[in-house]
Amino acid sequence: MPWLYIFPNGCYGFIMKKISLTGIKPTGLLHIGNYVAAIKPALALTGTYDARYFIADYHALNTIKDPTELSALIRQVAAGWLAAGLDPERVIFYRQSSIPETFELTTQLMAFTSKGLMNRAHAYKAAVQANTERGEDPDAGINMGLYTYPVLMAADILLFDSDVVPVGQDQVQHVEMAQDIAQVVNYNYKQEVLKVPQALVKESVAVVPGLDGRKMSKSYGNIIPLFTPEKELRKLIMRIVTNSQAVEEPKDPETSQIYALYRLFAAPEEQTALAARYREGGMGWGEAKEELFRVLNRELGPIRERFQALAADPKTLDDILARGAEKARVIAKATVNRFRAAAGID
Ligand code: ADP
Ligand code: TRP
(Lines give C-alpha, C1' and ligand atoms only; values in the text may rest on other atoms or scores of the structure.)
(Ligands and ions follow the chains in the order given, each with its own letter.)
Protein backbone atom coordinates (compact mmCIF):
# COMPACT_ATOMS: atom_id res chain seq x y z
CA MET A 1 0.00 0.00 0.00
CA PRO A 2 1.43 3.43 -0.84
CA TRP A 3 1.72 5.96 2.01
CA LEU A 4 1.11 9.64 1.58
CA TYR A 5 4.23 11.51 2.73
CA ILE A 6 4.26 15.25 3.29
CA PHE A 7 7.75 16.67 2.80
CA PRO A 8 8.98 19.55 5.03
CA ASN A 9 8.60 22.01 2.10
CA GLY A 10 4.89 21.20 1.86
CA CYS A 11 5.11 19.02 -1.26
CA TYR A 12 3.67 15.57 -0.99
CA GLY A 13 4.00 12.22 -2.69
CA PHE A 14 3.45 8.51 -2.25
CA ILE A 15 6.02 6.18 -0.75
CA MET A 16 5.90 2.45 -1.36
CA LYS A 17 6.89 0.44 1.67
CA LYS A 18 8.78 -2.83 1.29
CA ILE A 19 6.66 -5.93 1.59
CA SER A 20 7.10 -8.57 4.28
CA LEU A 21 5.28 -11.89 4.26
CA THR A 22 5.23 -14.95 6.45
CA GLY A 23 3.04 -17.97 7.13
CA ILE A 24 2.61 -20.64 9.75
CA LYS A 25 1.39 -24.13 8.98
CA PRO A 26 -1.32 -25.37 11.32
CA THR A 27 0.16 -28.75 12.17
CA GLY A 28 0.08 -28.62 15.97
CA LEU A 29 -0.31 -26.52 19.08
CA LEU A 30 1.49 -23.19 18.79
CA HIS A 31 4.37 -23.10 21.25
CA ILE A 32 6.61 -20.42 22.69
CA GLY A 33 9.32 -21.29 20.13
CA ASN A 34 6.89 -20.35 17.34
CA TYR A 35 5.86 -17.24 19.28
CA VAL A 36 9.31 -15.89 20.12
CA ALA A 37 11.10 -16.84 16.91
CA ALA A 38 8.37 -16.57 14.29
CA ILE A 39 5.20 -14.73 15.37
CA LYS A 40 6.66 -11.92 17.48
CA PRO A 41 9.50 -10.83 15.15
CA ALA A 42 7.16 -11.04 12.17
CA LEU A 43 4.53 -8.86 13.87
CA ALA A 44 7.24 -6.34 14.82
CA LEU A 45 7.58 -5.56 11.10
CA THR A 46 4.02 -4.17 10.92
CA GLY A 47 4.17 -0.49 10.09
CA THR A 48 7.77 -0.50 8.87
CA TYR A 49 6.78 -2.94 6.14
CA ASP A 50 3.61 -3.49 4.18
CA ALA A 51 3.02 -6.74 6.04
CA ARG A 52 1.20 -9.91 4.99
CA TYR A 53 0.52 -12.90 7.27
CA PHE A 54 -1.22 -16.14 6.48
CA ILE A 55 -2.12 -19.63 7.63
CA ALA A 56 -0.47 -22.25 5.42
CA ASP A 57 -3.30 -24.76 5.63
CA TYR A 58 -2.50 -26.68 2.43
CA HIS A 59 1.02 -27.21 3.76
CA ALA A 60 -0.55 -28.79 6.84
CA LEU A 61 -2.60 -31.19 4.70
CA ASN A 62 0.60 -33.12 3.97
CA THR A 63 0.59 -34.40 7.54
CA ILE A 64 -2.84 -33.76 9.09
CA LYS A 65 -5.41 -36.04 7.48
CA ASP A 66 -8.11 -35.81 10.17
CA PRO A 67 -10.60 -33.11 9.07
CA THR A 68 -11.78 -32.20 12.58
CA GLU A 69 -8.22 -31.81 13.77
CA LEU A 70 -7.12 -29.75 10.75
CA SER A 71 -10.12 -27.45 10.99
CA ALA A 72 -9.41 -26.83 14.71
CA LEU A 73 -5.70 -26.24 14.10
CA ILE A 74 -6.41 -23.70 11.33
CA ARG A 75 -8.58 -21.68 13.71
CA GLN A 76 -6.05 -22.04 16.50
CA VAL A 77 -3.29 -20.54 14.36
CA ALA A 78 -5.60 -17.78 13.08
CA ALA A 79 -6.65 -16.86 16.64
CA GLY A 80 -3.00 -17.16 17.67
CA TRP A 81 -1.82 -14.51 15.21
CA LEU A 82 -4.58 -12.14 16.34
CA ALA A 83 -4.08 -12.83 20.06
CA ALA A 84 -0.37 -12.11 19.66
CA GLY A 85 -1.23 -8.64 18.37
CA LEU A 86 -1.86 -8.86 14.61
CA ASP A 87 -4.05 -5.92 13.58
CA PRO A 88 -6.12 -6.96 10.54
CA GLU A 89 -6.80 -3.30 9.70
CA ARG A 90 -3.10 -2.55 9.22
CA VAL A 91 -1.94 -5.73 7.46
CA ILE A 92 -3.25 -8.39 5.08
CA PHE A 93 -4.21 -11.57 6.94
CA TYR A 94 -5.66 -14.62 5.19
CA ARG A 95 -5.77 -18.38 4.76
CA GLN A 96 -3.64 -19.88 1.99
CA SER A 97 -6.60 -22.04 0.92
CA SER A 98 -8.68 -18.90 0.23
CA ILE A 99 -6.26 -17.79 -2.50
CA PRO A 100 -6.70 -20.13 -5.51
CA GLU A 101 -4.02 -18.15 -7.38
CA THR A 102 -1.48 -19.79 -5.03
CA PHE A 103 -2.17 -23.10 -6.70
CA GLU A 104 -2.04 -21.69 -10.20
CA LEU A 105 1.32 -20.07 -9.48
CA THR A 106 2.52 -23.37 -7.97
CA THR A 107 1.80 -25.10 -11.29
CA GLN A 108 3.49 -22.29 -13.18
CA LEU A 109 6.59 -22.59 -10.98
CA MET A 110 6.72 -26.39 -11.29
CA ALA A 111 7.82 -25.99 -14.91
CA PHE A 112 10.84 -23.97 -13.75
CA THR A 113 11.83 -26.07 -10.73
CA SER A 114 14.41 -28.77 -11.24
CA LYS A 115 13.73 -32.10 -9.59
CA GLY A 116 17.30 -31.99 -8.27
CA LEU A 117 16.46 -28.88 -6.24
CA MET A 118 13.65 -30.77 -4.49
CA ASN A 119 15.99 -33.73 -3.84
CA ARG A 120 18.22 -31.36 -1.85
CA ALA A 121 15.46 -30.01 0.44
CA HIS A 122 16.36 -30.65 4.10
CA ALA A 123 12.89 -31.86 5.14
CA TYR A 124 12.74 -34.38 2.29
CA LYS A 125 16.32 -35.55 2.86
CA ALA A 126 15.65 -36.00 6.59
CA ALA A 127 12.57 -38.13 5.83
CA VAL A 128 14.57 -40.29 3.37
CA GLN A 129 17.38 -40.70 5.88
CA ALA A 130 14.98 -41.72 8.66
CA ASN A 131 13.44 -44.35 6.34
CA THR A 132 16.86 -45.68 5.32
CA GLU A 133 17.97 -45.92 8.96
CA ARG A 134 14.84 -47.95 9.75
CA GLY A 135 15.66 -50.25 6.81
CA GLU A 136 12.53 -49.17 4.91
CA ASP A 137 12.07 -48.04 1.32
CA PRO A 138 13.68 -44.55 1.09
CA ASP A 139 10.40 -42.94 0.00
CA ALA A 140 8.12 -44.77 2.45
CA GLY A 141 5.35 -42.47 3.71
CA ILE A 142 6.61 -39.49 1.69
CA ASN A 143 3.82 -37.90 -0.32
CA MET A 144 4.22 -35.53 -3.26
CA GLY A 145 3.01 -32.69 -1.02
CA LEU A 146 6.09 -33.11 1.16
CA TYR A 147 8.37 -33.57 -1.84
CA THR A 148 7.12 -30.44 -3.61
CA TYR A 149 6.64 -28.44 -0.36
CA PRO A 150 9.26 -25.83 -1.38
CA VAL A 151 7.39 -25.03 -4.62
CA LEU A 152 4.13 -24.31 -2.80
CA MET A 153 6.07 -22.20 -0.32
CA ALA A 154 7.80 -20.35 -3.17
CA ALA A 155 4.34 -19.63 -4.64
CA ASP A 156 3.16 -18.26 -1.25
CA ILE A 157 6.11 -15.91 -1.20
CA LEU A 158 6.37 -14.88 -4.87
CA LEU A 159 2.62 -14.37 -5.31
CA PHE A 160 2.70 -11.34 -3.00
CA ASP A 161 5.84 -9.60 -4.34
CA SER A 162 7.55 -10.16 -0.98
CA ASP A 163 10.80 -8.32 -0.32
CA VAL A 164 11.49 -10.03 3.00
CA VAL A 165 10.32 -13.27 4.57
CA PRO A 166 10.76 -13.38 8.36
CA VAL A 167 11.38 -17.03 9.31
CA GLY A 168 13.31 -19.26 11.69
CA GLN A 169 16.71 -20.60 10.66
CA ASP A 170 15.21 -23.93 9.54
CA GLN A 171 13.18 -22.18 6.83
CA VAL A 172 16.04 -20.27 5.21
CA GLN A 173 16.68 -23.00 2.66
CA HIS A 174 13.07 -22.78 1.50
CA VAL A 175 13.36 -19.02 0.97
CA GLU A 176 16.58 -19.58 -0.97
CA MET A 177 14.74 -22.05 -3.18
CA ALA A 178 12.07 -19.40 -3.80
CA GLN A 179 14.90 -17.05 -4.87
CA ASP A 180 16.32 -19.69 -7.21
CA ILE A 181 12.96 -20.40 -8.80
CA ALA A 182 12.13 -16.71 -9.26
CA GLN A 183 15.52 -16.12 -10.88
CA VAL A 184 15.03 -19.00 -13.32
CA VAL A 185 11.65 -17.56 -14.34
CA ASN A 186 12.99 -14.01 -14.72
CA TYR A 187 16.01 -15.20 -16.67
CA ASN A 188 13.86 -17.21 -19.04
CA TYR A 189 11.47 -14.36 -19.82
CA LYS A 190 14.20 -11.66 -19.68
CA GLN A 191 12.10 -9.48 -17.38
CA GLU A 192 11.27 -9.20 -13.67
CA VAL A 193 8.13 -11.33 -13.65
CA LEU A 194 8.66 -12.25 -9.99
CA LYS A 195 10.36 -10.28 -7.23
CA VAL A 196 13.34 -12.09 -5.68
CA PRO A 197 12.79 -12.28 -1.87
CA GLN A 198 15.23 -12.32 1.06
CA ALA A 199 14.94 -14.35 4.30
CA LEU A 200 14.95 -12.31 7.51
CA VAL A 201 16.18 -14.30 10.52
CA LYS A 202 16.32 -12.85 14.01
CA GLU A 203 19.67 -14.27 15.09
CA SER A 204 19.32 -13.60 18.83
CA VAL A 205 16.40 -16.03 19.13
CA ALA A 206 17.39 -18.40 16.35
CA VAL A 207 16.72 -21.59 18.38
CA VAL A 208 14.40 -21.71 21.40
CA PRO A 209 15.18 -24.69 23.67
CA GLY A 210 12.42 -27.07 24.77
CA LEU A 211 11.72 -28.78 28.10
CA ASP A 212 14.47 -31.36 27.48
CA GLY A 213 17.10 -28.91 26.20
CA ARG A 214 16.72 -29.88 22.52
CA LYS A 215 15.12 -27.43 20.07
CA MET A 216 11.52 -26.84 21.14
CA SER A 217 9.43 -28.66 18.54
CA LYS A 218 6.07 -30.37 18.42
CA SER A 219 7.80 -33.35 16.82
CA TYR A 220 9.94 -33.82 19.97
CA GLY A 221 7.01 -33.51 22.40
CA ASN A 222 9.04 -31.00 24.47
CA ILE A 223 6.93 -27.87 23.94
CA ILE A 224 5.49 -25.18 26.18
CA PRO A 225 2.19 -24.47 24.39
CA LEU A 226 1.50 -20.77 23.90
CA PHE A 227 -2.04 -20.89 25.28
CA THR A 228 -1.57 -23.36 28.09
CA PRO A 229 -3.53 -22.39 31.26
CA GLU A 230 -1.55 -20.77 34.06
CA LYS A 231 -1.48 -23.83 36.31
CA GLU A 232 -0.34 -26.07 33.48
CA LEU A 233 2.33 -23.53 32.53
CA ARG A 234 3.83 -23.67 36.02
CA LYS A 235 3.78 -27.50 35.96
CA LEU A 236 5.55 -27.62 32.59
CA ILE A 237 8.24 -25.20 33.74
CA MET A 238 8.83 -27.29 36.86
CA ARG A 239 9.41 -30.28 34.53
CA ILE A 240 12.35 -28.64 32.71
CA VAL A 241 15.34 -30.97 32.99
CA THR A 242 18.17 -29.58 35.19
CA ASN A 243 21.49 -30.92 36.48
CA SER A 244 22.05 -31.96 40.11
CA GLN A 245 23.84 -28.78 41.29
CA ALA A 246 22.93 -27.92 44.90
CA VAL A 247 21.24 -24.66 45.94
CA GLU A 248 24.41 -23.05 47.31
CA GLU A 249 26.56 -23.81 44.22
CA PRO A 250 27.22 -20.97 41.77
CA LYS A 251 25.60 -21.63 38.40
CA ASP A 252 26.45 -20.57 34.89
CA PRO A 253 23.49 -18.77 33.29
CA GLU A 254 25.04 -19.22 29.83
CA THR A 255 24.69 -23.01 29.97
CA SER A 256 21.26 -23.07 31.65
CA GLN A 257 18.27 -23.62 29.43
CA ILE A 258 16.05 -22.10 32.15
CA TYR A 259 18.03 -18.89 31.78
CA ALA A 260 17.98 -19.20 27.97
CA LEU A 261 14.17 -19.16 28.12
CA TYR A 262 14.13 -16.46 30.83
CA ARG A 263 16.15 -14.05 28.73
CA LEU A 264 13.57 -14.25 25.94
CA PHE A 265 10.86 -12.84 28.21
CA ALA A 266 12.70 -10.68 30.78
CA ALA A 267 13.65 -7.01 30.55
CA PRO A 268 17.42 -6.29 30.16
CA GLU A 269 17.80 -5.23 33.83
CA GLU A 270 15.99 -8.37 35.00
CA GLN A 271 18.34 -10.48 32.88
CA THR A 272 21.45 -8.87 34.37
CA ALA A 273 20.13 -9.17 37.94
CA LEU A 274 19.17 -12.82 37.60
CA ALA A 275 22.44 -13.75 35.85
CA ALA A 276 24.30 -12.26 38.86
CA ARG A 277 22.22 -14.35 41.26
CA TYR A 278 23.03 -17.51 39.25
CA ARG A 279 26.74 -16.75 39.50
CA GLU A 280 26.68 -15.91 43.24
CA GLY A 281 25.20 -19.25 44.26
CA GLY A 282 22.42 -19.61 46.82
CA MET A 283 19.68 -19.89 44.23
CA GLY A 284 18.28 -23.36 43.48
CA TRP A 285 16.76 -24.50 40.21
CA GLY A 286 13.29 -24.34 41.81
CA GLU A 287 13.64 -20.61 42.36
CA ALA A 288 15.11 -20.09 38.87
CA LYS A 289 12.04 -21.85 37.48
CA GLU A 290 9.68 -19.66 39.57
CA GLU A 291 11.34 -16.58 38.08
CA LEU A 292 10.93 -18.02 34.58
CA PHE A 293 7.27 -18.73 35.28
CA ARG A 294 6.75 -15.16 36.50
CA VAL A 295 8.10 -13.47 33.35
CA LEU A 296 6.52 -15.99 31.00
CA ASN A 297 3.10 -15.69 32.57
CA ARG A 298 3.37 -11.90 32.60
CA GLU A 299 3.65 -11.86 28.81
CA LEU A 300 1.48 -14.85 27.97
CA GLY A 301 -1.43 -14.03 30.33
CA PRO A 302 -2.99 -11.26 28.18
CA ILE A 303 -2.33 -13.25 24.98
CA ARG A 304 -4.08 -16.28 26.48
CA GLU A 305 -7.11 -14.15 27.39
CA ARG A 306 -7.42 -12.68 23.90
CA PHE A 307 -7.01 -16.15 22.43
CA GLN A 308 -9.87 -17.53 24.53
CA ALA A 309 -12.16 -14.66 23.51
CA LEU A 310 -11.39 -15.26 19.81
CA ALA A 311 -11.74 -19.02 20.09
CA ALA A 312 -15.23 -18.50 21.52
CA ASP A 313 -16.23 -16.35 18.52
CA PRO A 314 -15.46 -18.28 15.31
CA LYS A 315 -17.77 -16.07 13.23
CA THR A 316 -15.67 -12.95 13.88
CA LEU A 317 -12.52 -14.92 13.13
CA ASP A 318 -13.90 -16.19 9.81
CA ASP A 319 -15.07 -12.67 8.85
CA ILE A 320 -11.61 -11.22 9.51
CA LEU A 321 -10.01 -13.93 7.36
CA ALA A 322 -12.54 -13.48 4.55
CA ARG A 323 -11.90 -9.73 4.41
CA GLY A 324 -8.16 -10.42 4.34
CA ALA A 325 -8.54 -12.91 1.50
CA GLU A 326 -10.44 -10.33 -0.55
CA LYS A 327 -7.56 -7.85 -0.25
CA ALA A 328 -4.97 -10.57 -0.90
CA ARG A 329 -6.61 -11.86 -4.06
CA VAL A 330 -6.30 -8.51 -5.83
CA ILE A 331 -2.51 -8.78 -5.52
CA ALA A 332 -2.45 -12.52 -6.23
CA LYS A 333 -4.42 -12.15 -9.47
CA ALA A 334 -2.03 -9.47 -10.73
CA THR A 335 0.99 -11.75 -10.20
CA VAL A 336 -0.56 -14.77 -11.87
CA ASN A 337 -1.64 -12.62 -14.82
CA ARG A 338 1.84 -11.13 -15.09
CA PHE A 339 3.20 -14.67 -15.33
CA ARG A 340 0.57 -15.70 -17.87
CA ALA A 341 1.36 -12.71 -20.07
CA ALA A 342 5.11 -13.39 -19.88
CA ALA A 343 4.56 -17.08 -20.65
CA GLY A 344 2.24 -16.58 -23.60
CA ILE A 345 -0.74 -18.08 -21.75
CA ASP A 346 -2.79 -14.89 -22.02
P1 ADP B 1 7.79 -27.26 14.99
O2 ADP B 1 9.30 -27.41 14.97
O3 ADP B 1 7.24 -27.27 16.38
O4 ADP B 1 7.11 -28.26 14.09
P5 ADP B 1 7.21 -25.38 12.91
O6 ADP B 1 8.15 -26.12 12.03
O7 ADP B 1 5.75 -25.44 12.62
O8 ADP B 1 7.48 -25.82 14.42
O9 ADP B 1 7.69 -23.86 12.97
C10 ADP B 1 6.95 -22.69 12.68
C11 ADP B 1 7.87 -21.50 12.76
O12 ADP B 1 8.43 -21.39 14.09
C13 ADP B 1 9.09 -21.57 11.82
O14 ADP B 1 9.39 -20.26 11.35
C15 ADP B 1 10.20 -22.08 12.70
O16 ADP B 1 11.46 -21.66 12.26
C17 ADP B 1 9.85 -21.46 14.04
N18 ADP B 1 10.27 -22.31 15.16
C19 ADP B 1 9.69 -23.45 15.58
N20 ADP B 1 10.30 -23.95 16.66
C21 ADP B 1 11.32 -23.12 16.94
C22 ADP B 1 12.34 -23.09 17.93
N23 ADP B 1 12.41 -24.01 18.89
N24 ADP B 1 13.25 -22.10 17.90
C25 ADP B 1 13.17 -21.16 16.94
N26 ADP B 1 12.23 -21.11 15.98
C27 ADP B 1 11.31 -22.07 15.96
N1 TRP C 1 7.22 -23.71 5.78
C2 TRP C 1 6.92 -22.76 6.84
C3 TRP C 1 7.11 -23.47 8.20
O4 TRP C 1 7.13 -24.67 8.25
C5 TRP C 1 5.51 -22.25 6.71
C6 TRP C 1 5.32 -21.49 5.44
C7 TRP C 1 4.59 -21.88 4.35
C8 TRP C 1 5.87 -20.21 5.12
N9 TRP C 1 4.64 -20.96 3.39
C10 TRP C 1 5.42 -19.92 3.81
C11 TRP C 1 6.68 -19.32 5.81
C12 TRP C 1 5.80 -18.73 3.18
C13 TRP C 1 7.06 -18.12 5.18
C14 TRP C 1 6.62 -17.84 3.87
O15 TRP C 1 7.25 -22.81 9.17
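Structure's up top.
A. Summary view of unusual backbone geometry. Backbone geometry at D161 places phi at a positive 55°, although glycine is not the residue there. Secondary-structure assignment places D161 in the loop between α8 (149-159) and β6 (164-166). Residues other than glycine seldom take positive phi values, yet K190 does so here, at roughly 55°. Residue placement: K190 occurs in the loop between α9 (172-189) and β7 (198-200). Judged by relative accessible area, which is 73%, K190 ranks as exposed.

B. Highlighting the site of ligand 2. In the vicinity of ligand 2 lie 14 residues, with K25, Y149, M153, D156 and Q171 positioned nearest. The side chain of K25 places a nitrogen or oxygen atom 3.0 Å from an oxygen atom of ligand 2. One nitrogen or oxygen atom from the side chain of D156 is found 2.7 Å from a nitrogen atom belonging to ligand 2. When ligand 2 is considered free in solution it has 370 Å² of accessible area, and contact with the protein chains removes 92% of it.

C. Up close: the environment of G28. Position of G28 relative to the elements: it lies in the loop between β3 (19-24) and α1 (32-43). Residue G28 is classed as buried on the basis of its relative accessible area, which comes to 13%. Considered as a pair, G28 and L70 are 42 residues apart in the sequence and their alpha carbons are 9.0 Å apart. In this structure, G28 is in contact with L73, Q76 and K218, ignoring residues within four places of it in sequence.

D. Structural detail: the pattern of salt bridges. The tally for this structure, following the rule as stated, stands at 20 salt bridges. R95 is the partner of D57 in a salt bridge, and the nearest nitrogen-oxygen pair spans 3.1 Å. With D57 in helix α2 (residues 57-60) and R95 in strand β5 (residues 92-95), the pair connects residues that are 38 residues apart, well separated along the chain. Of the charged contacts, one joins E270 and R298 as a salt bridge, the two residues approaching to 2.9 Å between their closest N and O atoms.

E. View of the packing of α1 against helix α11 (residues 257-265). For the pair α1 and α11, interaxial distance at closest approach is 12 Å and the crossing angle is 40°. The orientation of α1 relative to α11 falls into the category oblique. Relative to α11, the crossing made by α1 is left-handed. Counted together, I32, Y35, V36 and K40 of α1 and L261, L264 and F265 of α11 form the full contact between these two elements. By residue class, the composition of the contact of α1 with α11 is six nonpolar, no polar and one charged.

F. The nonpolar core, seen in detail. With 62 residues, the main nonpolar core has I32, Y35, Y53, W81, F93, I224 and F265 as its most contacted residues. If you list the elements that add at least two residues to this core, you get α1, β4 (50-55), α3 (67-83), α10 (230-238), α11, α12 (268-280), α13 (285-311) and α14 (314-343). Excluding residues within four positions of it along the chain, F93 makes contact with Y53, I55, A78, W81, L82, L86, I320, L321, G324 and A325. If you look at the next biggest cluster of nonpolar residues, it comprises 43 residues, including L21, I142, A178 and A182.

G. Layout of the pairing of β3. Across the six residues that make up β3, a large majority, five, are buried. When β3 meets β4, the two strands line up parallel, connected through six bridges. Note on β4: the bridge partner recorded for G23 is F54. Each parallel crossover has a hand, and the one from β3 via α1 to β4 is right-handed.

The rules behind these values
- Residues numbered from 1 in each chain as written.
- Chains lettered and ligands numbered in written order.
- Predicted model: local features only at pLDDT ≥ 70, side-chain atom pairs only at ≥ 80, totals over all residues.
- Heavy atoms only, no water.
- Helix = DSSP H or I, 4+ residues; strand = E, 2+ residues; numbered from the N terminus.
- Buried < 20%, exposed > 50% of the residue type's maximum accessible area, 1.4 Å probe, protein only.
- Near = heavy atom within 4 Å.
- Polar contact = N/O pair within 3.5 Å; in protein donor to acceptor, adjacent residues only side chain to side chain.
- Areas by Shrake-Rupley, 256 points an atom, 1.4 Å probe, with all protein chains shown as cover.
- Contact = heavy atoms within 4.5 Å.
- Salt bridge = Lys/Arg side-chain N within 4 Å of Asp/Glu carboxyl O.
- Axes fitted to C-alpha atoms, helices over the stretch in contact; angles between N-to-C directions.
- Parallel < 35°, antiparallel > 145°, perpendicular 65-115°, else oblique.
- Left-handed = near helix turned anticlockwise from the far one by under 90°.
- Nonpolar A, V, L, I, M, F, W, Y, C, P; charged D, E, K, R; others polar.
- Core = buried A, V, L, I, M, F, W, Y, C linked by side-chain atoms within 4.5 Å.
- Pairing = 2+ DSSP bridges.
- Right-handed = clockwise from strand over helix to strand, strands pointing away.

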